[in-house]
Amino acid sequence: MLRQCAVCLMVFVFLLGQGSAAAQQTAATRTVTLTAEDGTILKASYFAAAKPGPGVLLLHQCNRQRKVWDVLAERLASSGVNVLTLDYRGFGESGGTPNDKLAPPEQMRIATEVWPRDFDMALTYLESQPGVQRDKIGAGGASCGVNNSIQLARRRSEIKALVLLSGPTNRVGRLFLHSSALPIFVSAADDDEFGNMVAPMQWWFSESPNSASRFEHYATGGHGADMFAAHKELPGVIAEWFAGTLMNSPESLPKTNGSPFEPQVLRTLDLINQPGGASEAARTLAQVRERDPNAGTFPEFVVNLLGYEHIQIGDAKGAVEILKLNVAGYPNSPNTYDSLSDAYLAAGQKDLALQNAKKALELIANDKTDSEQLRNGIRDSAQQKVTQLEKPGGY
């Protein structure tokens, strides 16, 4: 199981449509009604700056709705940035079947085929507003909104900066972050209920070629935009960062406390991602463990992500080798076995898939490391595979 909520795993993003504005709420903030190309009504909030300035679109996490951004949006507007926050269809005040009432395949279809057009429509609306400087556009996302924002930036070159809180992306998105050299502000907390969201944020920050990129790392604070409640300073830090990147004010760029991976860790991750590299990394790990049985040479969650990237691109054999390495590195983690089970299943090796799913269930009973929510997710993932694989003709 990839360590995050199921909806977060499914979500990607963006592209076109038409919209119309609605009711005034305050002098600076108003509720907006957008009409998607299929007629679905989407609700948004527009936070206008007092004078012409940049524009930022914020995309919420999939266990919340747009109001989770209010404190940040207000801070950005007061600093001169115009902001649009959107309820995804199926969330908050927007139309469409509630997301939690949809079966997983339909959630996936909506997320990959429909939401992208909604997001593009919202960005087009933001750019059409008086006072929004179209050459100074940013985006931000939390949890599933992270990938939504990254994919939007891939498709819309006017986006010049990204804020990414506690969320994953896919291989294409990760490679885009590096090749595009966009400045990124990433943040996550150690106590995230959906697992280790710090590792991918740290990874992307470590690989970012842009000197304006920043990483804010917290010990506590929870998931995504929920961190604003625990860390009152974070919206201000993000506002300073957008000012530095979108308003050409490098002196405004804040200092942050996050550190990059050590160069050796980055070299190891690069090696693992190469053909045959996982086997070489396994040999190095064995040598290191001879000197120190508890030593590690790579972060568990990042290697887990690499394994799933290879599943996604159809390289099941490579995924098996990478996720076998992760089991060797973290033999007491139920998640590593559940993930390896997924790789074996993708490779058509059902017996080994069943064996590793059962091992995950065995370990989960005594797992004291992961949150209850994450343990439940791993258990459900592994049990579903066991049930199907033990059924005649299953999978």
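Residues numbered from 1 in each chain as written. Predicted model: local features only at pLDDT ≥ 70, side-chain atom pairs only at ≥ 80, totals over all residues. Heavy atoms only, no water.

Visitor: So what exactly am I meant to see when it comes to the overall build of the protein here?
Guide: When its secondary structure is counted, the protein shows 15 helices and 8 strands. Scaling as 2.2 N^0.38, a compact globule of 395 residues should have a C-alpha radius of gyration of about 21 Å, and the protein matches this with 21 Å. If one aligns the C-alpha atoms of the protein with their principal axes, the spans along those axes are about 65 × 50 × 35 Å. Split into buried and exposed, the 395 residues of the protein put 58% on the buried side. Taking the intrachain contacts of the protein between residues at least 6 apart in sequence as the baseline, contacts between residues at least 24 apart amount to 67%. Accessible surface computed for the protein: about 16300 Å², of which carbon and sulfur atoms make up 51%. Across the protein, 37 positive and 42 negative side-chain charges occur, with their mean positions spaced 2 Å apart. (Helix = DSSP H or I, 4+ residues; strand = E, 2+ residues; numbered from the N terminus. Rg over C-alpha atoms; globule rule 2.2 N^0.38 Å. Buried < 20%, exposed > 50% of the residue type's maximum accessible area, 1.4 Å probe, protein only. Contact = heavy atoms within 4.5 Å. Areas by Shrake-Rupley, 256 points an atom, 1.4 Å probe, with all protein chains shown as cover. Lys, Arg positive; Asp, Glu negative; His and termini not counted. Charge placed at Lys NZ, Arg CZ, Asp CG, Glu CD.)

Visitor: Just checking my understanding: could you explain the state of the cysteines for this structure?
Guide: A covalent bond between the sulfur atoms of two cysteines is referred to as a disulfide. According to the stated counting rule, one finds 1 disulfide in the structure shown. The residue that forms a disulfide with Cys62 is Cys144, at a sulfur-sulfur distance of 2.0 Å. Taking the sign of the torsion about the S-S bond as the criterion, the disulfide between Cys62 and Cys144, at about 90 degrees, is right-handed. Taken together, the residues Cys62 in the loop between β3 (53-59) and α2 (70-78) and Cys144 in helix α4 (residues 144-155) connect sequence positions 82 residues apart. (Disulfide = S-S within 2.5 Å.)

Visitor: For this particular structure, what's the right way to read the pattern of salt bridges?
Guide: Oppositely charged side chains may form a pair once their charged atoms are brought near each other. Across all of its chains, the model carries 19 salt bridges by this definition. Measuring nitrogen to oxygen at the nearest pair gives 2.9 Å for the salt bridge that ties Arg64 to Asp226. Here Asp226 lies in the loop between β8 (214-218) and α7 (227-230) and Arg64 lies in the loop between β3 and α2, a separation of 162 residues in the sequence. (Salt bridge = Lys/Arg side-chain N within 4 Å of Asp/Glu carboxyl O.)

Visitor: Help me understand the packing of helix α5 (residues 171-180) against helix α6 (residues 198-207), please; the structure alone is not making it clear to me.
Guide: Pairs of packed helices are described in terms of their axes, by the angle between the two and the distance that separates them. Contact pair α5 / α6: the axes reach a minimum separation of 9 Å and the direction vectors enclose 30 degrees. Taken together, the axes of α5 and α6 are roughly parallel relative to one another. As for how α5 packs across α6, the hand of that crossing is right-handed. Contacts between α5 and α6 pair Arg174, Leu177 and His178 from the former with Trp203, Trp204 and Glu207 from the latter. (Axes fitted to C-alpha atoms, helices over the stretch in contact; angles between N-to-C directions. Parallel < 35°, antiparallel > 145°, perpendicular 65-115°, else oblique. Left-handed = near helix turned anticlockwise from the far one by under 90°.)

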